[in-house]
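Fold and contact review
So the chains spell out like this:
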Protein chains: 2
Amino acid sequence: MIKIGIVGYGNLARGVECAIRQNPDMELVAVFTRRDPASVQILTAGVPVLALDQAASWKDKIDVMILCGGSAKDLPTMTPAFARDFHVVDSFDTHANIPAHFAAVDAAARESGHIAVISTGWDPGLFSVNRLYASAILPQGKDYTFWGKGVSQGHSDAVRRLPGVVDCRQYTIPVPEALDRVRSGENPELTTRQKHTRYCYVVAEDGADKAAIEQAIKTMPNYFADYDTTVEFITMEQMHRDHAGLPHGGSVIRSGITGWNGESRQTIEYKLTLDSNPQFTASVLVSCARAAMKMHTRGITGCQTVFDIAPADLSPMSREDMLAHLL
Amino acid sequence: MIKIGIVGYGNLARGVECAIRQNPDMELVAVFTRRDPASVQILTAGVPVLALDQAASWKDKIDVMILCGGSAKDLPTMTPAFARDFHVVDSFDTHANIPAHFAAVDAAARESGHIAVISTGWDPGLFSVNRLYASAILPQGKDYTFWGKGVSQGHSDAVRRLPGVVDCRQYTIPVPEALDRVRSGENPELTTRQKHTRYCYVVAEDGADKAAIEQAIKTMPNYFADYDTTVEFITMEQMHRDHAGLPHGGSVIRSGITGWNGESRQTIEYKLTLDSNPQFTASVLVSCARAAMKMHTRGITGCQTVFDIAPADLSPMSREDMLAHLL
């Protein structure tokens, strides 16, 4: 039985709680929160919710701590700190800062003899693994990542911060023609605008200047200015009724050529269609917790990514069953 | 520089030769054949073609031997034998006999201190890895493997052995409605007949009884009897003009549920669209040869499958580049 602790209790953490329940070799031991523990109601009966600063005293009762903090403010300090007392798994997803995060976590985990799996989930995570497999197998090729159709929480938050906006749900949508061209093996050069469009459902304050909000969204640098963006104003009732979920997904596609004269076109696509982005991400984190335990029994310590995890370590199946039923 | 030898010189071996040329960290050292070496013309200038029984004397000049023999008669004895003198990679694909093959190869490779990667390619191989990832991440789910549209060489050969048949190309074709139902996350129960159809292009001898050939194909047990099969007679000229290639591909799809009450449907699809089945299989074998070398430097020996290979070991990229550009 792998004993799991969860740090934080937002959407991702709830997904981890649900995923643990689906895996008979795992057990949720405790949830740690920065909020008042008495105010946090979890789903699993009989499992304590505790203050974050009590976590260290649980080091002998928890094997793997799954860290469900944010990449901007929490994980850069939280992951190295927890790696001193536990094996840890995080979903750090600020791509540009991954090398620095890796270095900090690796130092802490090596010193304490723990394993830390960072930046896992689906992107970074499963999409990264598929970029790696595909590029290793088709060295002469080009890969493309399309996201969506799905809710981008970062973009939704950016719109919510605008004056006059009460709520927003932003959908990222791949351009169908771009997807078709890539799937056909054409290997086109595509601009940001040619790959994805953005669609914002916005609830505005009563009397807000909707034209000004629309203009502010469409010209927002980094987030929207490089995209064709559509803004649609809806009521809070419509928001709750039609946009309560957090669906997402996307495709990693690599097309390459093989043969003495590059005469054969070969295309690999990995595609996710997700009703719930946080629950799926959580399911990946939980399988990585299992891998951390298996790798540690072989004497491995330090920071690991999905690139370092042999697929067998993610699974509860025995080698015999894998060879007989999956290979 | 990884020094590669190839055993055999059919379609797969030629694909290996082409793939080595695409990987700057690899070098083809020699090709070994059962035929008269003087009769075998390879593509790479300056590389010797030698008799199979000379291979052992090349043990200090070759790092990894890629074994391109057949699964029925060659590999069961060839892979353990070569694992005594070399790291080896094979594409053994008789699913039911994989556990026995693994045991025989593992014993030989452990004794000699080599690594043997068996049963790699795309199925078994990449499809297997994707079945494993998907089942580890979505434990409550069901997976489906669809093959095609593509040429099945085993089925083509079976038809070629019928009296009156000069040549045949058999295409395996997924049933579009079945694919749609699986992609939608419906998790249907599908019979063999509901998943794939088979289409045979047949060149018959002059004066052959075409009705009898068609009947013999459609009722052939194991190969065709459980499928809806179409037989079309064509000329040898049409065969050469329209069916010279060996395209293939397919999809591994797993749909599962997550959430406290299984309320979210999550679907993972891995799809290959291949102009050349043997060249793609060969590209996977070559990346596994690199993995064998990397794993051996960490002291690993014995038989390995794609399940045991950390993705990073397949790639020539440095860890720094992977973290910065792929994760």
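Residues numbered from 1 in each chain as written. Chains lettered and ligands numbered in written order. Predicted model: local features only at pLDDT ≥ 70, side-chain atom pairs only at ≥ 80, totals over all residues. Heavy atoms only, no water.

Observations regarding the overall build of chain A
Definition in use: Only DSSP runs of H or I reaching four residues or more are called helices, and only runs of E reaching two or more are called strands; each is numbered from the N terminus. Note on method: radius of gyration uses C-alpha positions; expected globular size equals 2.2 Å times residues raised to 0.38. Relative accessible area decides the class of each residue, using a 1.4 Å probe on protein chains only: under 20% of the type maximum gives buried, over 50% gives exposed, and in between gives partly exposed. Should any heavy atoms of two residues lie within 4.5 Å, those residues are considered in contact. Using the Shrake-Rupley algorithm and a 1.4 Å probe, accessible areas are obtained, with residue cover drawn only from the displayed protein chains.
Within chain A, the regular secondary structure consists of 11 helices and 14 strands. The C-alpha radius of gyration of chain A comes to 22 Å, within 12% of the 20 Å expected for a compact globule of 327 residues. Across its three principal directions, the C-alpha atoms of chain A cover 65 × 55 × 35 Å. Scored against the burial criterion, the 327 residues of chain A give a buried share of 58%. At a minimum sequence separation of 6, the contacts of chain A that also span at least 24 residues come to 67%. Summed over its atoms, the accessible surface of chain A is roughly 13300 Å², and 49% of this surface lies on carbon and sulfur atoms.

Concerning the packing of helix H1 (residues 11-22) of chain B against helix H10 (residues 277-297) of chain B
All names here are of chain B. What counts here: An axis is simply a line fitted to the C-alpha atoms; with a helix, the fit covers only the stretch in contact. Between two such axes, the angle follows the N-to-C directions and lies from 0 to 180 degrees. Note that the term roughly parallel is reserved for angles under 35 degrees, roughly antiparallel for angles over 145, roughly perpendicular for angles of 65 to 115, and oblique for everything else. Two helices crossing with the near one rotated counterclockwise from the far one by less than a right angle form a left-handed crossing, whereas a clockwise rotation gives a right-handed crossing.
The contact between H1 and H10 brings their axes to 7 Å, and the two run at 55°. Considered as vectors, H1 and H10 are oriented oblique to each other. As for how H1 packs across H10, the hand of that crossing is right-handed. In contact with Asn11, Leu12, Gly15, Val16, Ala19 and Ile20 of H1, H10 contributes Pro278, Gln279, Thr281, Ala282, Ser283, Leu285 and Val286.

Quick word on the relation of the copies chain B and chain A
Rules: Only residues with pLDDT of at least 70 in both copies contribute their C-alpha atoms to the least-squares superposition of the copies.
Screw-axis analysis of chain B against chain A gives a translation of 0.0 Å along the axis, an RMSD of 0.0 Å, and a rotation angle of 180°. The transformation relating the two chain copies, once decomposed into turn and shift, fits a two-fold axis. When C-alpha distances to the rotation axis are compared across chain B, the minimum falls at B:Ala310, with a value of 1.9 Å. When the interface residues of chain B are mapped onto chain A, 100% of them again lie at the interface, so the same face is used by both copies.

Overview of the confidence of the model for chain A
Inclusion rule: Residue-level confidence of the predictor, termed pLDDT, takes values from 0 up to 100.
Per-residue pLDDT for chain A averages 97, and the proportion of residues at 70 or more is 100%. Confidence estimates for the predicted assembly give a pTM of 0.96 and an ipTM of 0.96.

Section: the sheet that holds strand S12 (residues 248-258) of chain B
To summarise the sheet geometry, strands pair through backbone hydrogen bonds and adopt either a parallel or an antiparallel arrangement. What counts, and what does not: One bridge is not enough; two strands pair if DSSP finds at least two bridges between them.
As summarised here, the arrangement of the six strands in space is S7(A)-S12(A)-S13(A)-S13(B)-S12(B)-S7(B), forming an open sheet in which the pairing is antiparallel. The open sheet terminates on both sides in strands that have one partner only, identified here as strand S7 (141-147) of chain A together with strand S7 (141-147) of chain B. Averaged over all pairs of adjacent strands, the angle between their axes in this sheet comes to 10°, without regard to strand direction. The strands that helix H6 (residues 176-183) of chain A touches are S7, strand S12 (248-258) and strand S13 (264-274) of chain A; relative to S12(A), the one it contacts most, it runs at about 35°.

Describing the interface of chain B and chain A
For the record, the criterion: What gets called buried area is simply the loss in accessible area from a 1.4 Å probe that two parts show on being joined, summed for both. Salt bridges are identified by distance alone: a Lys or Arg side-chain nitrogen within 4 Å of an Asp or Glu carboxyl oxygen. Each residue is assigned to one of three groups, with Ala, Val, Leu, Ile, Met, Phe, Trp, Tyr, Cys and Pro labelled nonpolar, Asp, Glu, Lys and Arg labelled charged, and all others, Gly among them, labelled polar.
Facing 67 residues of chain B, the contacting portion of chain A comprises 67 residues. Both faces combined, the contact of chain B with chain A buries some 6200 Å², and carbon together with sulfur accounts for 62% of it. Ranking the residues of chain B by area buried against chain A places B:Gln22, B:Trp260 and B:Leu327 at the top, with a combined share of 15%. Between A:Asp308 and B:Arg319 there is a salt bridge whose closest N-O contact spans 3.0 Å. When residues of the side of chain B that touches chain A are traced back to their parent elements, those giving at least two are H1, helix H3 (98-112), helix H4 (126-137), S12, strand S13 (264-274), H10 and helix H11 (319-326) of chain B. Its residues placed into classes, the side of chain B that touches chain A shows 34 nonpolar, 21 polar and 12 charged. Bridging between S13(A) and S13(B) involves nine bridges; their strand directions are antiparallel. The residue of S13(B) that forms the bridge with A:Gln266 is B:Leu274.

Observations regarding the environment of A:His243
Residues and elements named next belong to chain A. Note that His243 resides in the loop between helix H9 (236-242) and S12. When its relative accessible area of 8% is taken as the criterion, His243 is described as buried. In sequence terms His243 and Asp63 are 180 residues apart; their C-alpha atoms lie 37 Å from each other. Excluding residues within four positions of it along the chain, His243 makes contact with Arg169, Tyr171, Tyr201, Ile234 and Gln238.

Some details on the side chain of A:Ser287
Position of A:Ser287 relative to the elements: it lies in helix H10 (residues 277-297). When its relative accessible area of 1% is taken as the criterion, A:Ser287 is described as buried. When sequence neighbours within four positions are dropped, the list of residues in contact with A:Ser287 reads A:Asp313, A:Leu314, B:Ala136 and B:Ile137.

A look at the packing of aromatic side chains
Note the cut-off: In this scheme Phe, Tyr and Trp rings, the latter by its six-membered ring, pair at centre separations within 6.5 Å, and the angle between planes marks the pair as stacked below 30 degrees, edge-to-face above 60, and tilted otherwise. Two thresholds decide whether a charge sits over a ring: the Lys NZ or Arg CZ must be within 6 Å of the ring centre and within 35 degrees of the ring normal.
Counted under the stated rule, the structure contains 13 aromatic pairs over all chains. Centroid distance B:Phe32 to B:Trp58: 6.2 Å. Interplanar angle 75°. Geometry classified as edge-to-face. You can see B:Phe32 sitting in strand S2 (residues 26-33) and its partner B:Trp58 sitting in the loop between strand S3 (49-51) and strand S4 (64-67), a full 26 residues away along the chain. Among the residues examined, B:Phe32 registers a relative accessible area of 0% and is labelled buried. Residue classification places B:Trp58 among the buried positions, given a relative accessible area of 16%. With 6.2 Å between their ring centres and 80° between their planes, B:Phe127 and B:Tyr270 make a pair best called edge-to-face. Of this pair, B:Phe127 sits in helix H4 while B:Tyr270 sits in strand S13; the two residues are 143 residues apart in sequence, bridging distant segments of the chain. Across the pair, B:Tyr270 and B:Phe127 agree in class, each one buried. Every member of this aromatic cluster is reached through a ring pair, and the members are A:Trp122, A:Phe127 and A:Tyr270. Lying across the ring of B:Tyr9, B:Arg14 places its NZ or CZ 5.4 Å from the centre. Its end group placed over the ring of B:Phe146, B:Lys195 keeps NZ or CZ at 5.3 Å from the ring centre.

Things to note about the pairing of strand S4 (residues 64-67) of chain A
All names here are of chain A. In plain terms, the rule: The definition of a right-handed crossover adopted here requires that, viewed with the strands pointing away, the path from the first strand over the helix to the second runs clockwise.
Along S4, one buried face is formed by Val64 and Ile66 and the opposite face, lined by Met65 and Leu67, is buried too. Summarising the sheet, strand S1 (residues 2-7) and S4 pair through four bridges and their orientation is parallel. By the bridge assignment for S4, Val7 is matched with Leu67. As judged from the four bridges shared by S4 and strand S5 (residues 87-90), these two strands associate in the parallel manner. Paired with Leu67 across the two strands is Asp90, which belongs to S5. The parallel pair S4 and S5, bridged by helix H2 (residues 75-82), forms a crossover whose chirality is right-handed.

Notes on the pairing of S1(A)
For a regular strand, side-chain orientation follows a simple rule: the groups alternate between the two sheet faces. Residues and elements named next belong to chain A. Counted residue by residue, S1 has five buried out of six residues, so it is predominantly covered. Bridge count for S1 against strand S2 (residues 26-33) is six bridges, and the pairing is parallel. When the bridges of S2 are listed, Ile4 appears paired with Leu28. Regarding topology, helix H1 (residues 11-22) serves as the crossover connection from S1 to the parallel S2, and that connection is right-handed.

Let's talk about the pattern of salt bridges
Pairing between side chains of opposite charge can happen when the charged atoms of each approach one another. Under the definition given, this model contains 34 salt bridges over all chains. The shortest N-O distance in the salt bridge between B:Arg254 and B:Asp143 comes to 2.9 Å. Taken together, the residues B:Arg254 in strand S12 and B:Asp143 in strand S7 connect sequence positions 111 residues apart. Between B:Arg193 and B:Asp228 there is a salt bridge, and its shortest N-O distance comes to 2.8 Å. Linking B:Arg193 in helix H7 (residues 192-195) with B:Asp228 in strand S11 (residues 228-233), this pair joins segments that are 35 residues apart in sequence. Using a relative accessible area of 41% as the deciding quantity, one classes B:Asp228 as partly exposed. Through salt bridges with shared partners, a single ionic network connects A:Asp157, A:Arg160, A:Asp167 and A:Arg169.

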